[in-house]
Amino acid sequence: MIRAVIVMNTQGKPRLLKFYEFQPPEKQHELTRSVFAVLSGRPDNVSNFVEADAIFGPGTRLVYKHLATLYFVFVFDSCENELAMLDLIQVLVETLDRCFKNVCELDIVFNFNKMHTILDEIIFGGQVLETSSERVLKAVEEISRLEKSSSSVSFVPKSVSGRFGR
Amino acid sequence: MEQLKTIGRELAMGSQGGGWTGQSKEFLDLVKSIGEARSKAEEDRIILREIDSLRRRIAEPDVPRRRMKEYIIRLVYAEMLGHDASFGYIHAVKMTHDDSLSLKRTGYLAVTLFLSDDHDLIILIVNTIQKDLRSDNYLIVCTALTAACKLINEETIPAVLPQVVDLLAHPKEAVRKKAVMALHRFYQRSPASVSHLISNFRKRLCDNDPGVMGATLFPLFDLITADVNSYKDLVISFVSILKQVAERRLPKAYDYHQMPAPFIQIKLLKILALLGSGDKQASGHIYNVLGDIFRKCESSSNIGNAVLYECICCVSSIYPNAKVLDAAAESTSKFLKSDSHNLKYMGIDALGRLIKINPDIAEEHQLAVIDCLEDPDDTLKRKTFELLYKMTKSTNVEVIVDRMIDYMISINDNHYKTEIASRCVELAEQFAPSNQWFIQTMNKVFEHAGDLLNVRVAHNLMRLIAEGFGEDDEGADSQLRSSAVNSYLRILGEPKLPSLFLQVICWVLGEYGTADGKYSASYIIGKLCDVTEAHLCNDTVKAYSISAIMKICAFEITAGRNVEMLPECQSLIDELSASHSTDLQQRAYELQALLCLDSQAVESVMPLDASCEDIEFDGNLSFLNSFVQQSIEKGARPYIPESERSGTFSVSNYNSQYQHEASSHTLRFEAYELPKPSPTPATPQISVSTRTTDLVPVPETTYYYTENNQASKLPPVSDASSADHGIKLHLDGVQKKWGRPTYSSSSSSTSSEKKTNGVTRIDGVSSPSRGTLYDSKGQQSEVSAEKQKLAASLFGASAGKTEKKLASTQRAPKATTATAERPGVTRAVSPEISKQKAASSPPPDLLDLGEPITTTTPTIDPFEQLEGLIGPTPGPSTLDNSVTTSEQKAPDLMTLYTDTPPSSNSSISSALGDIHSSDKNSQMAKNVPSIKKGPNPQDSLQKDATARHVGVTPTGNNPNLFRDLLG
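Remember, predicted model here, so these are calculated numbers, not experimental data.

### Comments concerning the overall build of chain B
Helices and strands together make up the secondary structure of chain B, namely 50 helices and two strands. Put simply, chain B has 967 residues, and 52% of those count as buried. Here the analysis covers contacts within chain B between residues at least 6 apart in sequence; of these, 70% occur between residues at least 24 apart. Counting only carbon and sulfur atoms, one obtains 54% of the accessible surface of chain B, whose full area is about 45,300 Å².

Here it is as structure tokens:
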């Protein structure tokens, strides 16, 4: 099971935190800091895996990817495969890139609710839901289309649900 | 992601170009000012100001809804930065009620991030979730499912369960998929509350949509992990699904980087690894498809390697087969030879799995392993140490442990330091080639990680020094002791030593410091006094030290020599007599008292080198029998055991009850019984026991049941106590605990490793020429000679194995009980291996079997069904078949798969019955070990006894010990 998804920049500022098992804000902050401490100490050209049992408890590992000014980190337990998780990060980044056209840190900062939407289409309750960035994108677009139209016709929600149902 | 590289520049420019609609200028400014904050304090100030203003504005009446949405998002942002935004939770909850999808989604997002599943506000959301799950709009349903996944707890599961189950048949596959996963989440939260729905997962395995099928693999994986045996019937189905996925029969849309549905493949391989583990028959079905994947899978892409790695894991888990094992070994060597650190890491991990089956595989990768050991990548290094730990044997233990210690000294991470230190200790205890080496190694470990080690490790070391290594040769033992004493006296010069190490040193000096006559008593006593002086604030060390002084004095007195009291020692005694710690006081007074005794008395109090002697302990106090008899004759009242006195539990009853029901300390609501006249001593036992049970709250009955259960499972431990449990004090049981001390638990956790080692030896003997073979190959010439040497010492040198093995098995029985079992394990494993070898030599060519397997067994084929969407369904004919031949395993699934109610109902219910019964079984099975694990008073008693027996219980207070010995 995937325990957490953390996106932070190279200064250690969190850009997106998603814990699939609830952690209070202070704890989230602490975990992020210790992850950052580990990652910032790692040189380039080494593996993307870190054993994280000191931070997240026994058996946990994390996979990270360092892209431009951001770290993408997935924390997971022994039921997942490291290489596959690395590819899942790839899926997330690809989707973000398609969604925002030349994604950059600012996109993520200002649209982190959209980022959550994307993530929710990829990971559901700690399990991998979808790995095709095309289909993730389609789902996200459908949601945003409906969001837009529903906000303009929100006085008659019945008709919306009638039209878009199924 | 080239584009991501532009990020830094844009941030610097504070670009606000078009993209982010919907966010106000204020939010942009907030983010920007935080981005520019120079320090953490400045950032905190900005956020706190923001939170203040939000608190004010969010509480204003009639905030426009769109504005409110932004506030909520800003709150989420503030909380992400680690600040409390709890005042806004209720507004987020309110927002989930909104009709607009956009606001509703924001509300749900905020509550899933804000609230834990036991938050008080959850109850306000459950109703909304219920309503949204029934919505016509599938996107709202999806949103609600996501929220349910995160927020619904054990108590609220029943409220949404019916809706979620209904959604399993939703026309949209995206909804079905999420419903399956939500149900899985509920199962994880509380298996009991969805246990009646488990058949749904089997049913959905045959969903038309491969995505939904893939989603069911997650819950099935969990279910199979919990109980393998009830899912053995699915092996054939899983294999056929995997086969079809690997053969690209899924729609192209499921490909990922030219790999057909890799995540589904990985999950299936994990499931098959579980199902085939130790099951020859099930494994037989799997070899074929594994061979296919090994052949077809391309190793150029990351995800392809992920699948290959999973195949290797599967091979190492299922019943061994030579062909797939070879394929796995080949893939592993590709990983190891790769330049990518990721693949090397996977390779090392895979190698660690494969050598469990065949240790020879490691031989050809010696240099790759050593390269990994010297790699700058810490993750890779640790993984390699793990591998080395697994392949340690008596021939290479010195090299491996030395390397481990070097690494241990070099790192600062306490967590990992502890782990690697305890591994060093374990390996040293198990495989130490010589006493000298063992002592030196332990000294190093204690010196650098002493404070991180478990106390047990120290006790173990003391015991080993006291008992020697099991050779009957007294000379070797005393040599060991004097070398220990020498090294400790040397080490005492170091300025800072961990407390645990000092305890060991004090104990050994006290026990053996003067034994070989090399050092005078006053010299040792002086050293011990120095220790206490250097560690003023550590009471435990002081206690060890004063006890050691007492022993040395006693030995001197016994030997008839005069004990001259050093001034520093006298001042130490004076100081400790006035100590705040009663324990230290007592020890000081005991020492003073001892000094006044004559040599004969002293000898019986403190016999020389008697730490290994058994202390006879008369728990029944039988030496008082005559005295009791006399008193009774004189008319004294006989003693009534506590358990027979009215209204009190027996001690043992209370203890074990406490052990099992520690958590159920609740208030008593029923009135206390009326006081009864004190009973006659001859009260029949049965009535007593019923009375005690009356007093105990209801769950007692189940407790008795488990107790009995436990007793039957663990005859030697609680045999006597289960039969007439709760009636009398079991002092006879206690007496046993005072017997010979055993520190058996120290290495019991590594039974798997030992198994490996057992195997190692056997195979090592059979192939002694491997090492030379490797040398003759003459690998790359640029490899340094040093590395070669290291490799040889790690992997080669199989010649010396036999004698060493003998030596170590001799040592085994005394070292630990777990190691004592080692020969047994070896014996158990070896026939299996030889059998396997025999079986593999005339091979029914499994890999080339091709189709036959699928044709012989009537498998169900969800994807044929899938393809059948275009053409007519091939279902009905096979369906009839399967219903009639109900003995076969596979059709069971088939009947579930048909959605025709009359026929499927019965099979579902029977399957349900199965599940129920198996659930119960597994629960019962779980119960037993959990009892074992719990805080066990007997264990602690035993530990206490042994610790005392060795003469070092600074924390204990047993003044009676001496009195008993004297009396």
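Here the narrative resumes.
### A look at the overall build of chain A
On a plain count of helices and strands, chain A comes out with seven helices and seven strands. Helices and strands in chain A line up, N terminus first, as β-β-α-β-α-β-β-α-α-α-β-β-α-α. Relative to its full complement of 166 residues, chain A shows a buried share of 66%. Here the analysis covers contacts within chain A between residues at least 6 apart in sequence; of these, 48% occur between residues at least 24 apart. Working note: accessible area of chain A is about 5,900 Å², and carbon and sulfur atoms make up 50% of it.

### Quick look at the sheet that holds strand E1 (residues 2-9) of chain A
Residues and elements named next belong to chain A. The five strands lie next to each other as E2-E1-E5-E4-E3, forming an open sheet whose pairing is antiparallel. Strands with a single pairing partner mark the edges of an open sheet, and in this sheet they are strand E2 (14-19) and strand E3 (49-51). The average undirected angle you get between the axes of adjacent strands in this sheet is 15°. The sheet contact formed by E1 and strand E5 (residues 70-76) spans seven bridges and is antiparallel.

### Some points on the pairing of E5 of chain A
Residues and elements named next belong to chain A. In terms of burial, E5 is largely enclosed, as seven of its seven residues are buried. Alternating residues of E5 divide into Leu70, Phe72, Phe74 and Phe76 and Tyr71, Val73 and Val75, and every residue in both groups is buried. The pairing of strand E4 (residues 61-67) with E5 spans seven bridges and is classified as antiparallel. Across the sheet, residue His66 finds its bridge partner in E5, namely Tyr71.

### Some remarks on the packing of helix H4 (residues 65-80) of chain B against helix H5 (residues 89-96) of chain B
Residue and element names in this part refer to chain B. At a minimum axis separation of 10 Å, H4 and H5 run at an interaxial angle of 130°. Considering their axes alone, H4 and H5 lie oblique with respect to each other. In this structure, H4 meets H5 at a crossing whose hand is left-handed. Residue-level inspection shows Arg65, Met68, Lys69, Ile72 and Glu79 of H4 in contact with H5, the latter providing Tyr89, His91, Ala92 and Met95. Grouping the amino acids of the contact of H4 with H5 by side-chain chemistry returns five nonpolar, one polar and three charged.

### A look at the nonpolar core
One finds Phe72 of chain A together with Phe238 of chain B to be the most contacted residues of the largest nonpolar core, which totals 305 residues. Element by element, the count of residues in this core is highest for helix H3 (residues 82-100) of chain A, at 12 residues. If we skip the residues at most four places from it in the chain, Phe72 of chain A touches Ile6, Val7, Val63, Tyr64, Lys65, Leu67, Ile89, Leu92, Val93, Leu96, Ile108 and Met115 of chain A.

### A closer look at the interface of chain B and chain A
Listed per partner, the contact involves 82 residues of chain B and 79 residues of chain A. Surface buried jointly by chain B and chain A totals about 7,400 Å² across both partners, of which 62% is contributed by carbon and sulfur atoms. Linking chain B to chain A there are four salt bridges. Here Lys177 of chain B and Glu130 of chain A are joined by a salt bridge, their closest N and O atoms 3.2 Å apart. Where chain B meets chain A, there are 23 residue pairs in polar contact (both at pLDDT 80 or more). Looking at the side of chain B that touches chain A residue by residue, the classes come out as 39 nonpolar, 21 polar and 22 charged.

### Some remarks on the confidence of the model for chain A
A low pLDDT score tells you not to read the predicted coordinates there in detail. Residues and elements named next belong to chain A. On average, residues of chain A carry a pLDDT of 85, and 90% of them reach 70 or more. Mean pLDDT across the elements of chain A ranges from a minimum in helix H7 (residues 157-164), with 41, to a maximum in E5, with 94. Per-residue pLDDT stays below 50 along residues 153-166; that stretch engages in 15 contacts with residues further than four places along the chain or on separate chains.

### Section: the side chain of Gln127 of chain A
Considering the arrangement of structural elements, one finds Gln127 of chain A in strand E7 (residues 127-128). Relative accessible area serves as the criterion here: at 6%, Gln127 of chain A is assigned to the buried category.

### Quick notes on unusual backbone geometry
Residue and element names in this part refer to chain A. For Ala68, which is not a glycine, the phi torsion comes out positive at approximately 50°. By secondary structure assignment, the location of Ala68 is in the loop between E4 and E5. Taking relative accessible area as the criterion, Ala68 reaches 28% and is therefore assigned partly exposed. Here Lys101, not a glycine, exhibits a phi torsion of approximately 50°, which is positive. Assignment of secondary structure puts Lys101 in the loop between H3 and helix H4 (105-110). By relative accessible area, which is 63% here, Lys101 ends up exposed.

### So, helix H14 (residues 262-276) of chain B
Between the first and last C-alpha of H14 of chain B there are 20 Å, a value that for 15 residues agrees with the 21 Å anticipated at 1.5 Å per step. With respect to burial, H14 of chain B is a largely interior element, 14 of its 15 residues being buried.

### Some points on the packing of aromatic side chains
Residue and element names in this part refer to chain B. Summed over the entire model, instances satisfying the criterion amount to 12 aromatic pairs over all chains. Ring centres of Phe385 and Tyr407 lie 5.0 Å apart, and the angle between their planes is 25°; on these two criteria the pair is classed as stacked. Linking Phe385 in helix H20 (residues 378-390) with Tyr407 in helix H21 (residues 397-410), this pair joins segments that are 22 residues apart in sequence. Considered together, Phe385 and Tyr407 belong to a single accessibility category, that of buried residues.

### What about the environment of Thr10 of chain A?
With respect to the helices, strands and loops of the structure, Thr10 of chain A is situated in the loop between E1 and E2. Spatially, the C-alpha atoms of Thr10 of chain A and Leu39 of chain A are 9.3 Å apart, while their sequence positions differ by 29 residues.

### Quick word on the pairing of E1 of chain A
Residues and elements named next belong to chain A. Here E1 lies mainly inside the structure; seven of its eight residues are buried. Pairing between E1 and E2: five bridges, direction antiparallel. When the bridges of E2 are listed, Met8 appears paired with Pro14. Between the antiparallel neighbours E1 and E2 lie four residues, among them Gly12 with a positive phi of about 90°.

### Here's the deal with empty space enclosed by the protein
A full pass over the atoms with the stated rule returns 13 cavities of 30 Å³ or more. Roughly 350 Å³ of volume is contained in the largest cavity. Considering the residues around the largest cavity, the lining is formed by 27 residues, among which Val128, Leu129 and Thr131 of chain A together with Phe263 and Ile264 of chain B are closest to the centre. Elements with a contribution of two residues or more to the lining of the largest cavity: H3 of chain A together with helix H10 (173-189), helix H12 (210-226) and H14 of chain B. Examining the composition of the lining of the largest cavity, we find that six residues originate from one element, H14 of chain B, more than from any other. Looking at the lining of the largest cavity residue by residue, the classes come out as 16 nonpolar, four polar and seven charged.

The rules behind the values
Residues numbered from 1 in each chain as written. Chains lettered and ligands numbered in written order. Predicted model: local features only at pLDDT ≥ 70, side-chain atom pairs only at ≥ 80, totals over all residues. Heavy atoms only, no water. Helix = DSSP H or I, 4+ residues; strand = E, 2+ residues; numbered from the N terminus. Buried < 20%, exposed > 50% of the residue type's maximum accessible area, 1.4 Å probe, protein only. Contact = heavy atoms within 4.5 Å. Areas by Shrake-Rupley, 256 points an atom, 1.4 Å probe, with all protein chains shown as cover. Pairing = 2+ DSSP bridges. Axes fitted to C-alpha atoms, helices over the stretch in contact; angles between N-to-C directions. Parallel < 35°, antiparallel > 145°, perpendicular 65-115°, else oblique. Left-handed = near helix turned anticlockwise from the far one by under 90°. Nonpolar A, V, L, I, M, F, W, Y, C, P; charged D, E, K, R; others polar. Core = buried A, V, L, I, M, F, W, Y, C linked by side-chain atoms within 4.5 Å. Buried area = accessible area lost by both parts, 1.4 Å probe. Salt bridge = Lys/Arg side-chain N within 4 Å of Asp/Glu carboxyl O. Polar contact = N/O pair within 3.5 Å; in protein donor to acceptor, adjacent residues only side chain to side chain. pLDDT = per-residue confidence, 0-100. Expected span 1.5 Å × (residues − 1). Phe/Tyr/Trp six-rings, centres within 6.5 Å; stacked < 30°, edge-to-face > 60°. 1 Å grid on protein atoms, 1.4 Å probe; cavity = no way out; pocket = protein on both sides within 12 Å on 5 of 7 lines; lining within 4 Å. Points joined across faces, edges and corners; volume = space filled by probe spheres on them.

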